[in-house]
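Fold and contact review
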Amino acid sequence: MADRPLAAVLTVGTEITTGLRLDTNTAHIAAACTAAGYRVTEAVSVPDDRDRIASAIARLARENSLLIVTGGLGPTHDDVTREAAAQALGRPLRRDPALVERLQAIADRHGDERAREQVLGQADVLEGARVIEPESGTAPGQVVEAGSSLVVLLPGPPSEMRPMLEEVLGSRRTAPEPIVLRCARIAESDAQLRVEDALAAFPKIELTLLASPALVDVVLMDAGAGRDALVEAAQAAALALGEACYSMDGASLPEAVVRLARATLCTLATAESCTGGMVASAITDVPGASDVFVGGVVAYSNALKRSLLGVPEEVLAEHGAVSRETAHAMASGALRLGARVAVATTGIAGPGGGTSDKPVGLVWTAVATPERVEAYRLKLHGDRQGVRQRSTVHALDFVRLTLERM
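The numbering scheme is per chain: residues are counted from 1 as the chain's sequence reads. Side-chain atom pairs in this predicted model are given and counted only at pLDDT of 80 or more, local residue features only at pLDDT of at least 70, and totals for whole chains, interfaces and linings cover all residues. Side-chain descriptors were evaluated using all non-hydrogen atoms of the structure, hydrogens and water having been removed beforehand.

Observations concerning unusual backbone geometry
- The residue after Gly 350, namely Pro 351, is reached through a cis peptide bond having omega 5 degrees.
- By the element assignment, Pro 351 lies in the loop between β15 (341-347) and β16 (362-368).
- You will see that Leu 265, though not glycine, has its phi angle at about 60 degrees, which is positive.
- Here a strand is any run of E in DSSP of at least two residues, a helix any run of H or I of at least four, and the numbering for each starts at the N terminus. Following the sequence through the fold, Leu 265 ends up in the loop between α10 (253-263) and β13 (268-272).
- Only protein chains enter the accessibility calculation, which uses a 1.4 Å probe. A residue is then buried if its area is under 20% of the maximum for its type, exposed if over 50%, and partly exposed in between. Take Leu 265: its relative accessible area is 77%, and that puts it in the exposed class.

Listed below in C-alpha cells is the structure:
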C-alpha cells in the first residue's frame, strides 16, 4: 500500500457544505485516481471561502502527490478557487490571451460591465499552469506542478469536469479495475470476515465493503499484486461467500435473475402484496426483461388475492393474508400467468398493523414452479421503505437460487 503515490480530492461549494446539492464528483474522481494507481487518502469539501479553500489546497498539496480540486472556477462572485490556489501555491495569476479571445464573445452578451469582467476572469491562469480547454461550459481547467505535488483545478459541473479528468488521468491508468463481488442476504460483517479469511494468502489485495438493504458489494482492489493475483483472490473470496455471491462481473441482482432465466429458458411472474410491484419493477428495469418476464399481479386486498390469484377464502380466513399458506397460494396462482417460475410476497411493512403474533417486518415469500413451492419466513428490520426494499431483494434472490438449481 505504501508504495503507491497518495492523492486527495477537494470539492468546493457552499451548496455542498450546506446540503443544498449532493456531491457526486468525489466518488467519480476517487475511482479515477485509484484506477490511475494512486491511493486516495482524503476527500474534503469546503465552502466558497477563499481563505478556507487556500488553506485546504496548501495542506493537501503538501501531503499528497496528486490533488484534484473541483468547483469554483465559474464566472460568478463566489467562484474564487483560482484566487485561492494562487494564494496557497504562491503563484500569481496571469490572464491568458487565447482564453480571453475565446471568452470575449460570451462576455459581450452581458450588458453589465461587471458581468463581462467576471466572464473574462475565467481566463486567469496560475503562472506555469497547463490549461485544459473545456468541451462544454466556459471554465477551463488548470494543471500545475507545486513542488512534489500535481495540483489539478477542474470545474464543478460533472459534464464539464469528467472529460477534463479523463484528459489528465486517462493515460496514467496502471492499476487493474477493482473486482466487485455482489452478494445478497448476508450481513456486512459476515461477508467481511469470510473474505478476510480467504484473502490471507493475498497480502497485496485491498478490501472494502459497500452495504445497502439486504445487499453487500465486496470490492477487491489491487495494491501491487497484479491482475492475475486479483482475479485469483476474487475467486477465493467468491468461494468463501458461497451462494450469497450472485455476481462477479458487476451485474445487479435483477440482471442476474434475468440472465439465469434466459439461460434456463424459464419465464417469470410475480404476485405481490407488501412490495406493491417493486419486484416486477426491478425485473423490468433490466433491458431485455421481456424475453423472460410475462407479468405480475399486485394484489393488496384479500378480495384481489382471491379473484386474481385464486387464494382460497378458507386459507385467508384461517391463516390470514400474512402467512405461509397465503404466500404459497399466491405464488401458485401466479404460475397461471404462463410462467415457469413465480414469486410471491406478503407481509407487514409498518409502521402500523403489527401484532404480537405477526409483528411489523414479518414477511412471507414463496417461489413456485410446476413441480414444487418453497415458502420462506422473514423477519426484516427497518422502516416501511426498508422492509419493502429488503423484501424485494429476498424475493429476487430466492428466484435466483431456484433458477440456479433448475
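What follows picks up the thread again.
Remarks on the sheet that holds strand β2 (residues 39-46)
- Taking strand neighbours across the sheet as the criterion, the six strands line up as β2-β1-β3-β8-β7-β6 in an open arrangement whose pairing is mixed. Because the sheet does not close on itself, it has two edges, and the strands there are β2 and β6 (130-132). Within the sheet, the average angular offset between the axes of one strand and its neighbour, ignoring direction, is 15 degrees.
- Bridge analysis of strand β1 (residues 6-12) against strand β3 (residues 66-70) gives five bridges, and the strand direction is parallel. Pairing of Leu 10 across the sheet is with Val 69, part of β3. Paired strands, in this sense, are two strands between which DSSP finds at least two bridges. Lines fitted to the C-alpha atoms define the axes, with helices restricted to the stretch that makes contact. Angles between their N-to-C directions range from 0 to 180 degrees.

Quick look at the environment of Ala 84
- Relative to the elements of secondary structure, Ala 84 occurs in helix α4 (residues 81-89).
- By relative accessible area, which is 0% here, Ala 84 ends up buried.
- Between the alpha carbons of Ala 84 and Thr 24 there is a distance of 23 Å; along the sequence they are 60 residues apart.
- The criterion used for residue contact is that any of the two residues' heavy atoms lie within 4.5 Å. Apart from the residues within four sequence positions on either side, Ala 84 is in contact with Arg 50, Ile 53, Ala 54 and Ile 57.

Details of helix α8 (residues 188-198)
- By the burial criterion, the buried members of α8 are Ala 191, Val 195 and Ala 198. Projected down its long axis, α8 carries its buried residues within an arc of 50 degrees, all on one side.
- Residues of α8 that are buried make contact with β10 (205-212), β11 (215-222) and α9 (227-241). The directions from the helix axis to the C-beta atoms are what the arc is built from.

Quick word on the pattern of salt bridges
- Any carboxyl oxygen of Asp or Glu that lies within 4 Å of a side-chain nitrogen of Lys or Arg is treated as forming a salt bridge with it. Applying the stated criterion across every chain yields a total of 20 salt bridges.
- Here Glu 206 makes a salt bridge to Arg 4, at a shortest N to O gap of 2.7 Å. Residue Glu 206 is found in strand β10, and its partner Arg 4 is found in the segment before β1; the two are separated by 202 residues along the sequence. Pair check on accessibility: Glu 206 and Arg 4 agree, each one buried.

Some words on the sheet that holds β15
- Spatial strand order, β14-β13-β15-β16-β17: five strands in an open sheet with mixed pairing. The two strands at the open ends of the sheet, each matched to only one other strand, are β14 (293-298) and β17 (373-379). Put simply, the sheet's adjacent strands are angled 15 degrees from each other on average, direction ignored.
- One ladder, built from five bridges, connects β13 with β14; its direction is parallel. Note on β14: the bridge partner recorded for Thr 270 is Gly 296.

What to know about the packing of helix α2 (residues 25-35) against helix α7 (residues 158-169)
- Where α2 meets α7, the axes come as close as 11 Å, and the angle between the chain directions of the two elements is 10 degrees. On the basis of their axis angle, the class for α2 and α7 is roughly parallel. In contact with Asn 25, His 28, Ile 29, Ala 32 and Cys 33 of α2, α7 contributes Pro 158, Met 161, Arg 162, Leu 165 and Leu 169.
- Under the scheme applied here, ten amino acids are nonpolar (Ala, Val, Leu, Ile, Met, Phe, Trp, Tyr, Cys and Pro), four are charged (Asp, Glu, Lys and Arg), and all others, including Gly, are polar. Here the contact of α2 with α7 is built from residues that sort into seven nonpolar, two polar and one charged. Relative orientations are named as follows: roughly parallel for angles under 35 degrees, roughly antiparallel for angles over 145 degrees, roughly perpendicular for angles from 65 to 115 degrees, and oblique for any other angle.

Notes on the pairing of β3
- Within β3, five of the five residues are buried, which leaves the element mostly enclosed by the surrounding structure.
- Here β3 shows a buried face lined by Leu 66, Ile 68 and Thr 70 and a second buried face lined by Leu 67 and Val 69.

Comments concerning the nonpolar core
- Residues belong to a common nonpolar core when they are buried Ala, Val, Leu, Ile, Met, Phe, Trp, Tyr or Cys residues joined through side-chain atoms within 4.5 Å. In terms of nonpolar packing, the biggest core is built from 34 residues, with Leu 10, Ile 57, Leu 67, Leu 89, Leu 126 and Val 151 touching the most fellow members.
- Among the elements that line this core, the one with the most residues is helix α3 (residues 50-63), at six residues.
- Counting 33 residues, the second-largest nonpolar core is a separate cluster that includes Tyr 246, Leu 253, Val 363 and Leu 396.

Concerning the side chain of Thr 81
- Locating Thr 81 in the fold gives a position in helix α4.
- Apart from the residues lying within four places of it in its own chain, the contact partners of Thr 81 are Val 12, Ile 53, Val 69, Gly 71, Gly 72, Leu 73 and Leu 153.

Topic: the packing of aromatic side chains
- Here the aromatic set is Phe, Tyr and Trp, taking the six-membered ring for Trp, and pairing holds for ring centres within 6.5 Å; pairs whose planes are under 30 degrees apart are stacked, those over 60 apart are edge-to-face, and all others are tilted. Considering all chains together, one arrives at one aromatic pair under this definition.
- Ring plane angle 5 degrees and centroid distance 3.8 Å describe the contact between Tyr 376 and Phe 398, whose orientation is recorded as stacked. Of this pair, Tyr 376 sits in strand β17 while Phe 398 sits in helix α15 (residues 384-404), and the two are 22 residues apart along the sequence.
- The exposure class assigned to Phe 398 is buried, which follows from its relative accessible area of 5%.

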